[in-house]
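Here are the chains, one letter per residue:
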Amino acid sequence: MAEGKGDIEALIGQIARLPGLGPRSARRIVLYLIRKRAGQMAQLASLMGAVAENSRECLVCGNITESDICAICHDPTRATGEICVVTDVADLWALERGRAFRGRYHVLGGSLSALDEIGPEDLHIPQLIQRIADERISEVILALAATVEGQTTAHYIAEALAGSDVAVTGLAQGVPIGGELDYLDDGTITAALRARRKLQ
Ligand SMILES: [Zn+2]
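Numbering of residues starts from 1 in every chain and runs along the sequence as written. In view of the model being predicted, local features appear only for residues whose pLDDT reaches at least 70, and side-chain atom pairs are presented and counted only at 80 or more, with totals across whole chains, interfaces and linings using the full set of residues. Values reported for side chains reflect all heavy atoms of the structure, with hydrogen atoms and water molecules removed beforehand.

**Some remarks on the coordination of the zinc ion**
For clarity, the cut-off: For Na, K and Ca the donor cut-off is 3.2 Å, while for other metals it is 2.8 Å, and in both cases only N, O and S atoms qualify; water is not among them, so sites may look incomplete. Just to be clear on the cut-offs, tetrahedral is four donors with all angles between 85 and 135 degrees, square planar is four donors and octahedral six with opposite donors over 155 degrees apart and all others between 65 and 115, and anything else goes down as irregular. The classification of residues rests on relative accessible area computed with a 1.4 Å probe and restricted to protein chains. Under 20% of the type maximum is buried, over 50% is exposed, and intermediate values are partly exposed.
Within the protein, C58 (SG), C61 (SG), C70 (SG) and C73 (SG) serve as the donor atoms for the zinc ion, at 2.3 Å. Each of the 4 donor atoms bound to the zinc ion contributes to angles spanning 105 to 115°, and the resulting shape is tetrahedral. Counting the intervening residues between successive donors of the zinc ion yields the motif C-x2-C-x8-C-x2-C. This pair shows no difference in class: C61 is buried, exactly as C70 is.

**Here we look at the sheet that holds strand β4 (residues 104–107)**
Convention followed: Two strands pair under a simple rule: DSSP has to find at least two bridges between them. Helical segments are the DSSP runs of H or I of at least four residues, strand segments are the runs of E of at least two, and each set is numbered from the N terminus. In this description, contact between two residues means that some pair of their heavy atoms is separated by no more than 4.5 Å. Axes, fitted as lines to C-alpha atoms, cover a helix only where it is in contact. Angles between the N-to-C directions of the axes lie from 0 to 180 degrees.
The sheet built from 5 strands is open, its strands ordered β4-β3-β5-β6-β7 with mixed pairing. Every other strand in the sheet has two partners, leaving β4 and β7 (197–198) as the edge strands with one partner each. Helix α5 (residues 89–98) contacts β3 (82–86) and β4 of the sheet and is inclined by roughly 160° relative to β4. Across the face of the sheet, helix α6 (residues 125–134) comes into contact with β3, β4 and β5 (139–142) while running at roughly 155° to β4.

**Points about the packing of aromatic side chains**
The cut-off we apply is this: In this analysis, rings of Phe, Tyr and Trp, with Trp reduced to its six-membered ring, are considered paired at centre separations within 6.5 Å, and the interplanar angle assigns stacked below 30 degrees, edge-to-face beyond 60, and tilted for intermediate values.
A complete count under the given rule lists 1 aromatic pair for this structure. Between F101 and Y105, the aromatic rings sit 5.2 Å apart at their centres with planes inclined by 65°, giving edge-to-face as the arrangement. Taken as a pair, F101 and Y105 share a single burial class, namely buried.

**Some remarks on the environment of I34**
Looking at the element boundaries, I34 is found in helix α2 (residues 23–35). Linking I34 and I8, residues 26 residues apart in sequence, is a C-alpha distance of 9.3 Å. Beyond its immediate chain neighbours, meaning those up to four positions away, I34 contacts I8 and M41.

**Topic: the domain arrangement of the protein**
How we decide: Domain delimitation in this document rests on an assignment produced automatically or drawn from a domain database.
According to the domain assignment, the protein consists of domain 1 (6–54) and domain 2 (64–198). The centre of domain 1, based on its C-alpha atoms, is set 33 Å off from the matching centre of domain 2.

**A word on the pairing of β4**
Both faces of the sheet carry side chains from a regular strand, because those side chains alternate between them. For the record, the criterion: Handedness rule for crossovers: strands pointing away from the viewer, path from the first strand over the helix to the second running clockwise, crossover right-handed.
Residues R104 and H106 of β4 are buried on one face, and the alternating residues Y105 and V107, pointing to the opposite face, are buried as well. Pairing between β3 and β4: 4 bridges, direction parallel. Across the sheet, V85 pairs through a bridge with H106, a residue of β4. Crossover handedness for the path β3 to α5 to β4: right-handed.

**Points about the packing of α6 against helix α7 (residues 148–160)**
The condition that has to hold: An angle counts as roughly parallel when it lies under 35 degrees, as roughly antiparallel when it exceeds 145, as roughly perpendicular when it falls between 65 and 115, and as oblique in every other case. In this scheme the crossing of two helices becomes right-handed for a clockwise turn of the near helix relative to the far one and left-handed for an anticlockwise turn of less than a right angle. Gly is placed with the polar residues, together with every amino acid not listed as nonpolar (Ala, Val, Leu, Ile, Met, Phe, Trp, Tyr, Cys and Pro) or charged (Asp, Glu, Lys and Arg).
Between α6 and α7, the least distance of the axes is 11 Å, while the angle of their chain directions is 40°. Between α6 and α7, the angle falls in the class oblique. Read as a crossing pair, α6 and α7 show a hand that is right-handed. In contact with I125, L128 and I129 of α6, α7 contributes T153, Y156, I157 and A160. For the contact of α6 with α7, the per-class residue count stands at 6 nonpolar, 1 polar and no charged.

**Some remarks on the side chain of T153**
With respect to the helices and strands, T153 occurs in helix α7. For T153, a relative accessible area of 1% gives the class buried. If sequence neighbours within four positions are ignored, T153 has contacts with L108, S111, L112, I125 and L144.

And the structure:
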């Protein structure tokens, strides 16, 4: 790499690897930031440092937070009897945008997959089963993707809870096959949640 442009090229390279971006937008962003380096760029750099240092998983639900327990788990106004189970933090954030759900969440951190050798112990499934017992949960809403992996995971959890008092529900049909919650608009998420169906 030519002397004098090493860091700038490296920054463009890093930004180009971010989701939804490529080399062309990365160059535009870096040029923009350099022109705003005293203000926006300095703020961005300091925020990135702070978030890298302080962000972690909520010890209860797996949401991304800056303290041990996230704001949702801390919120006394949220219903305690319902847990909405999601694959990823992005799905939790999508559901929160819709403001349709007022209970608590549980982030699995992935889907069961025989192909990728991802079993229940690799996800936060044992913690979910434990929470359902400890927190006297009456309803578990499985807001999992309509993909093969998402549905395999939903069936596994429903099976694991068979025989217990807890109601297991799933999002209504209408969530597109293979669609992940984060890509849906807020109205669709809200409708799918309101019209949820009983799985067991
Ligand atoms: Zn939490």
